[in-house]
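Observations on the three-dimensional arrangement
Residues per chain, in single letters:
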Amino acid sequence: MGPSTHAADITDLLQRIALDIAALPDEGAVAEYIPALARVAPRQFGIAVATVDGAVHRAGDADRAFSIQSISKLFALALALQREGEALWQRVGREPSGTPFNSLVLLERERGIPRNPFVNAGALVITDVLCRRYLQPERAVLEFIHRLLGRVGVGIDADVARSERQHSDRNAAIAHFMRSFGNLGSEVSALLDAYCAQCAIAMSCAELAQAALFLAADGEQPSHGRVLAAADARRLNALMLTCGAYDAAGDFAFRIGLPTKTGVGGGILAVVPGRMTLCAWSPRLDATGNSIAAAAAIERFTAETGVSIFR
Ligand code: DON
């Protein structure tokens, strides 16, 4: 590690970033299409870094749990890859969509095969895979996260799950559409129950950074063991870089230069392969559904430390 990423320096940098973010003007809006998320206090910010040697650095609300939303798609995909292997890629692609995360437009032309596992359509296919293998797929994702953390305690926010489930017409449309093409086996209602519950998992920045460390460590979770083959961990990072921030993925690669996964709860997880994971959270989102302050914080971290996959 370069001098700028020594332990004391990281903590100091995170604290300076938290102060700078607090001084930024309020921009963007909390996710409103999920009523339970619309009630979250917008002026919150947390950031945490977990390094592959086991250290965790924190600033701001780094230990406050928030709705991980689409960041859960990363864990669901890793679990589905463990169970299904290569066959998964017959049902979902690996191309950025250039469309919003909940868009239907490409699905008709591409005959029900979603562009990638991170757009909602792709994530619903992954949930379908898990529905075939588990009675309670959301519990399987949760228990996978418990194994990654080496402890239980992370849970599903039932209010958020119910609230999204009651307002899931768009995801229902996507699921029915894919089912009409034969790319979905589950009953749509059961699929949406599992998907909304999985998205409603609540975790803190520190927990997310720790749970995702295998992505920075060639597929091996420090203190736990192998999660994915090294090649699959590299592929997941590639998908995060190209598709993790949806139609802002190019901008994120340009500004941040790391694989990232975002969620409409305001969290952004980033991976520095071989070194660390980083998670920032702040609820206000831009028009692409990505947290403005969390992106600014991670951009600031990479600018100051020089970490990037492109150096
Ligand atoms: O399906 C949805 O719309 C949400 N449960 C998740 C979307 C999301 O987090 C997109 N990320 N920026």
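Quick notes on the rules
- Residues numbered from 1 in each chain as written.
- Predicted model: local features only at pLDDT ≥ 70, side-chain atom pairs only at ≥ 80, totals over all residues.
- Heavy atoms only, no water.
- Pairing = 2+ DSSP bridges.
- Helix = DSSP H or I, 4+ residues; strand = E, 2+ residues; numbered from the N terminus.
- Axes fitted to C-alpha atoms, helices over the stretch in contact; angles between N-to-C directions.
- Phe/Tyr/Trp six-rings, centres within 6.5 Å; stacked < 30°, edge-to-face > 60°.
- Buried < 20%, exposed > 50% of the residue type's maximum accessible area, 1.4 Å probe, protein only.
- Core = buried A, V, L, I, M, F, W, Y, C linked by side-chain atoms within 4.5 Å.
- Near = heavy atom within 4 Å.
- Polar contact = N/O pair within 3.5 Å; in protein donor to acceptor, adjacent residues only side chain to side chain.
- Areas by Shrake-Rupley, 256 points an atom, 1.4 Å probe, with all protein chains shown as cover.
- Nonpolar A, V, L, I, M, F, W, Y, C, P; charged D, E, K, R; others polar.
- Salt bridge = Lys/Arg side-chain N within 4 Å of Asp/Glu carboxyl O.
- Parallel < 35°, antiparallel > 145°, perpendicular 65-115°, else oblique.
- Left-handed = near helix turned anticlockwise from the far one by under 90°.
- Contact = heavy atoms within 4.5 Å.

What the 5 strands build is an open sheet, ordered 2-1-10-9-8; its pairing is antiparallel. Edge positions in the sheet fall to strand 2 (56-60) and strand 8 (260-262), since each has one partner strand and no second. Averaged over all pairs of adjacent strands, the angle between their axes in this sheet comes to 10°, without regard to strand direction. Judged from the 5 bridges that link them, strand 1 (residues 46-51) and strand 2 form a sheet pairing that is antiparallel. When the sheet's bridge partners are listed, A50 is paired in strand 2 with V56.

So, about the packing of aromatic side chains. Per the stated rule, a full pass over the model turns up 4 aromatic pairs. For the ring pair F66 and W281, a centre distance of 4.9 Å and an interplane angle of 5° mean the geometry is stacked. Of the two residues, F66 sits in strand 3 (residues 66-67) while W281 sits in strand 10 (residues 276-281), which places them 215 residues apart along the sequence. Like W281, F66 is buried. An angle of 55° between the planes, with centres 5.4 Å apart, marks the rings of F101 and Y246 as tilted.

With 63 residues, the main nonpolar core has F75, L77, F118, M203 and L208 as its most contacted residues. Residue contributions to this core peak at 8 residues, all from helix 3 (residues 72-84). By size, the runner-up hydrophobic cluster in this structure holds 28 residues, among which are I17, V49, M276 and A280.

Turning our eyes to something else, we now look at unusual backbone geometry. In this model, Q69 sits at a positive phi of 45°, which is unusual for a non-glycine residue. You can see Q69 is positioned in the loop between strand 3 and helix 3. Backbone geometry places Y246, a non-glycine residue, at a positive phi of 60°. When you line up the elements, Y246 lands in the loop between helix 11 (230-243) and helix 12 (249-255).

With that out of the way, let us pick up the site of the ligand. Residues in contact with the ligand amount to 15 residues; listed here are only the nearest, Y33, Q69, S70, E164 and Y195. Interatomic distance of 2.6 Å between a side-chain N/O atom of Q69 and a nitrogen atom of the ligand. Interatomic distance of 3.0 Å between a side-chain N/O atom of N120 and an oxygen atom of the ligand. Protein contacts shield 99% of the accessible area of the ligand, which totals 350 Å² for the unbound molecule. Residue classes in the shell around the ligand are distributed as 6 nonpolar, 8 polar and 1 charged.

Applying the stated criterion across every chain, the model contains 20 salt bridges. Close ionic contact of D63 with R58 constitutes a salt bridge, the shortest N to O distance being 3.0 Å. We classify D63 as exposed; its relative accessible area is 53%.

Next up on the list: the packing of helix 3 against helix 9 (residues 188-199). How two helices sit against one another is set out by the angle between their axes and by the gap between those axes. For the pair helix 3 and helix 9, interaxial distance at closest approach is 9 Å and the crossing angle is 120°. Judged by the angle between their axes, helix 3 and helix 9 are oblique. Classified by chirality, the crossing of helix 9 by helix 3 is right-handed. Together, S72, K73 and A76 of helix 3 and Y195, Q198 and C199 of helix 9 make up the contact between the two elements. The class makeup of the residues in the contact of helix 3 with helix 9 is 3 nonpolar, 2 polar and 1 charged.

What follows covers the sheet that holds strand 3. What the 3 strands build is an open sheet, ordered 3-5-4; its pairing is antiparallel. Each end of this open sheet is capped by a strand with a single partner; those strands are strand 3 and strand 4 (155-156). Where strand 4 and strand 5 (residues 201-203) come together, 2 bridges link them in antiparallel fashion. Each bridged residue has a counterpart across the sheet, and for G155 the counterpart in strand 5 is A202. Lying on the sheet, helix 6 (residues 137-149) is in contact with strand 4 and strand 5; it crosses strand 5 at an angle near 20°.

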